[in-house]
Amino acid sequence: MISSERMAAVDENADALGVPRKQLMESSGNAVARAVRRVADPDSSVAIVAGRGNNGGDAFVAARFLDEYDPTVHLLGRPETISTDIARKNWEALVAAEYDARTVTDSKSLELGDPDVVVDAMLGTGVTGELREPEATAAEAIDALDATVVSVDVPSGLDADTGERADSAVSADHVVTFHDEKPGLTELDAEVTVADIGIPAAAELFVGPGDLRSVRRGVRGGDSRVFVIGGGPYTGAPALAGQAALRAGASLSFVAAPEKVAGQIQGYAEDLIVQDYAGDHLTPDQVDGLVQTAHDYDDVVVIGPGLGDDDETLEAARRFLDAFEGEAVVDADALPVVSEVDTDATLVCTPNRKELAKMGGPDVEGPLRDARDDIASFAADIGHVVVAKAAEDVVTDGERTRIVRAGTPAMAVGGTGDTLAGVIAGLLGTQDSFDAACAGPFVNGLAGERLDAERGDGLLASDLLDAIPRALWGDER
Ligand SMILES: NC(=O)C1=CN([C@@H]2O[C@H](COP(=O)(O)OP(=O)(O)OC[C@H]3O[C@@H](n4cnc5c(N)ncnc54)[C@H](O)[C@@H]3O)[C@@H](O)[C@H]2O)[C@H](O)CC1
Ligand SMILES: [K+]
């Protein structure tokens, strides 16, 4: 089962892996032609009714695989209004090859005749709202025919995710959908075929540029604040995490740190708002105040960077996680307490392989990706998202598991885990925790790749900070 949003991301990931959409369209069209052949007799007449998007594009391809039926193709609109170049190229190929390809500029001139089979390729996952003209009249004309209706991807007018039907949605006898079942088709009274269109499994397993589409929309539309609880023996880590969160879209970034080091942390970056508490390390008596602040301001918390593992500090981290009910990234020294608390918070844990074992997860020798099932069952046990960090990261919420290949050996330097924790936190405020956990290491890794390409080795974690926005936004703005 796959949602339209995820389908679009997987399409884009396939493209990035070298399987372009035009190739997918060719496979889609071929699958539609096979379905027509299954329901048609050798002397059947076939009419194709196509819209102006890729749904129509699939049918233009199908026409080329149905030569023996000499199909009539009706494009609902002028060719210059075809909305994608891959669909337009397939239309132009039909015209150049002298198929019976007709353009219908007004619904009254739609002449379907009396075909035995109709291919409904007006609207697929791009449909929005009630059917407009000429699709609405065309849908009624299709339903009025005594023909077998084969719908491309979804019956036109049906929402692929919810199954909601627009008033004049097409009633299909058969549906050929692509790559995976669509939630909106489960209750449909029609024969549904799921056609494999050659999308590599890697397009779903490896986080890719397609996974950033929804993340960008979220960041653009959102407004999140991050609250780093870190610092003590170390001062750089909370500063890197706090700045990385801003670079990934957080609007404000606070750091709560012991007064002994607060000034030093503030000194790293004026962009951080550093709040100090008494002493030189986190102690349990600070916890209530920190929880109150985090709840009052609905902050995404990052707990752990540079915190230190003093017994009192670990007890404080335990109490914080016990009481906190929001979203938090847990990193570094705070990780071992996660499996000791029963928290209502939504956590994203970011252990490296040593920390993974230390927090009760699998003790993995080789590549983490080979142990992804064990890591997934650990995530399911603790009920939180786990980002197990290595050359290739494993991200899992216990059900879904993705691998992040982005990054370079140059990133094996102190502090890149802190920027990662900050990037995830910066995204968490506006994303589902699993999506933020997948996008975070991908963006952090892309930033490292770009810097490595530009400068070669000697990369510093602090160099990543201003490369994060470009990695997140790509050439989109
Ligand atoms: N991996 C895959 O699943 C692949 C799917 N393919 C096919 O692509 C379509 C989705 O194509 P898209 O261009 O995004 O949108 P549509 O063709 O569904 O429709 C957009 C088209 O229709 C117009 N429109 C939208 N709403 C309405 C309305 N209510 N009334 C009238 N017209 C409407 C809009 O203006 C656009 O022009 C998917 O379903 C698959 O069939 C790829 O071909 C291969 C990979
Ligand atoms: K359709």
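Residues numbered from 1 in each chain as written. Chains lettered and ligands numbered in written order. Predicted model: local features only at pLDDT ≥ 70, side-chain atom pairs only at ≥ 80, totals over all residues. Heavy atoms only, no water.

Considerations on the overall build of the protein
Here is step 1 of the chain: Along the backbone of the protein there are 17 helices and 16 strands.
Here is step 2 of the chain: For the protein, the spread of C-alpha atoms along the principal axes amounts to about 85 × 45 × 40 Å.
Here is step 3 of the chain: When the 477 residues of the protein are sorted by exposure, 56% land in the buried category.
Here is step 4 of the chain: For the protein, contacts bridging at least 24 residues in sequence account for 68% of all contacts bridging at least 6.
Here is step 5 of the chain: If you sum the accessible surface of the protein, you get close to 19500 Å²; carbon and sulfur atoms cover 44% of it.
Here is step 6 of the chain: Taken together, the 38 basic and 87 acidic charged side chains of the protein have centroids lying 6 Å from each other. (Helix = DSSP H or I, 4+ residues; strand = E, 2+ residues; numbered from the N terminus. Buried < 20%, exposed > 50% of the residue type's maximum accessible area, 1.4 Å probe, protein only. Contact = heavy atoms within 4.5 Å. Areas by Shrake-Rupley, 256 points an atom, 1.4 Å probe, with all protein chains shown as cover. Lys, Arg positive; Asp, Glu negative; His and termini not counted. Charge placed at Lys NZ, Arg CZ, Asp CG, Glu CD.)

Digging into the site of ligand 1
Here is step 1 of the chain: Around ligand 1, the surrounding shell holds 27 residues, and the nearest of these are Asp11, Asp58, Gly124, Thr128 and Asp153.
Here is step 2 of the chain: Asparagine 54 is positioned with one of its backbone polar atoms (N or O) 2.9 Å from an oxygen atom of ligand 1.
Here is step 3 of the chain: Between an oxygen atom of ligand 1 and a main-chain N or O atom of glycine 124, the distance comes to 2.6 Å.
Here is step 4 of the chain: Starting from 870 Å² of accessible surface for ligand 1 in isolation, the protein chains cover 87%.
Here is step 5 of the chain: For the shell around ligand 1, the elements supplying multiple residues, two or more each, are helix 1 (4–16), helix 2 (21–39) and helix 3 (54–64).
Here is step 6 of the chain: Looking at the shell around ligand 1 residue by residue, the classes come out as 10 nonpolar, 10 polar and 7 charged. (Near = heavy atom within 4 Å. Polar contact = N/O pair within 3.5 Å; in protein donor to acceptor, adjacent residues only side chain to side chain. Nonpolar A, V, L, I, M, F, W, Y, C, P; charged D, E, K, R; others polar.)

What about the UniProt feature "binding site: K(+)" (unreviewed entry) in the protein?
Here is step 1 of the chain: According to UniProt, the feature "binding site: K(+)" (unreviewed entry) maps to Asn55, Asp120 and Ser156 in the numbering used here. The largest pairwise C-alpha distance within this set of annotated residues, which runs over 102 residues, is 9.3 Å, so the set is compact in three dimensions.
Here is step 2 of the chain: Topologically, asparagine 55 is positioned in helix 3.
Here is step 3 of the chain: For asparagine 55, a relative accessible area of 8% gives the class buried.
Here is step 4 of the chain: Sequence-distant contacts of asparagine 55, that is, excluding residues within four places in its chain, are made with Asp120, Ala121, Met122, Leu123, Gly124, Val152 and Asp153.
Here is step 5 of the chain: Mapping aspartate 120 onto the fold places it in strand 4 (residues 117–121).
Here is step 6 of the chain: Looking at aspartate 120, the relative accessible area reads 0%, which means it is buried.
Here is step 7 of the chain: Residues in contact with aspartate 120, not counting those within four places in the same chain, are Val49, Asn55, Val149, Val150, Ser151, Val152, Val154, Pro155, Ser156 and Val170. (UniProt positions renumbered as here; feature names shortened; annotations may be inferred.)

Re the packing of helix 14 (residues 416–428) against helix 15 (residues 433–455)
The packing of two helices is summarised by the inter-axis angle and the distance between the axes.
Here is step 1 of the chain: Between helix 14 and helix 15, the shortest axis-to-axis distance is 8 Å and the interhelical angle comes to 140°. Comparing their axes, helix 15 and helix 14 come out oblique. Judged by the twist between their axes, the crossing of helix 14 over helix 15 is right-handed. Contacts between helix 14 and helix 15 pair Thr416, Thr419, Leu420, Val423, Ile424, Leu427 and Leu428 from the former with Ser433, Ala436, Ala437, Ala439, Gly440, Pro441, Val443 and Asn444 from the latter. (Axes fitted to C-alpha atoms, helices over the stretch in contact; angles between N-to-C directions. Parallel < 35°, antiparallel > 145°, perpendicular 65-115°, else oblique. Left-handed = near helix turned anticlockwise from the far one by under 90°.)

Examining the UniProt feature "domain: YjeF C-terminal" (unreviewed entry) in the protein
Here is step 1 of the chain: UniProt tags residues 200–475 as "domain: YjeF C-terminal" (unreviewed entry).
Here is step 2 of the chain: Regarding residues 200–475, the helix share stands at 45% and the strand share at 15%, and the terminal C-alpha atoms are separated by 25 Å.

Structural notes on the domain arrangement of the protein
Here is step 1 of the chain: Each assigned domain of the protein is listed here: domain 1 (4–201) and domain 2 (209–476).
Here is step 2 of the chain: Using only C-alpha atoms to locate each centre, domain 1 and domain 2 end up separated by 45 Å.
Here is step 3 of the chain: Counting residues at the interface gives 9 residues for domain 1 and 8 residues for domain 2.
Here is step 4 of the chain: Interface area for domain 1 against domain 2, summed over the two sides, is near 690 Å², with a carbon-plus-sulfur share of 40%.
Here is step 5 of the chain: It is Glu5, Arg6 and Glu12 that lose the most area in domain 1 upon contact with domain 2, and together they represent 53% of the buried surface on that side.
Here is step 6 of the chain: Where domain 1 packs against domain 2, one counts 3 salt bridges. (Domains from an automatic or database assignment. Buried area = accessible area lost by both parts, 1.4 Å probe. Salt bridge = Lys/Arg side-chain N within 4 Å of Asp/Glu carboxyl O.)

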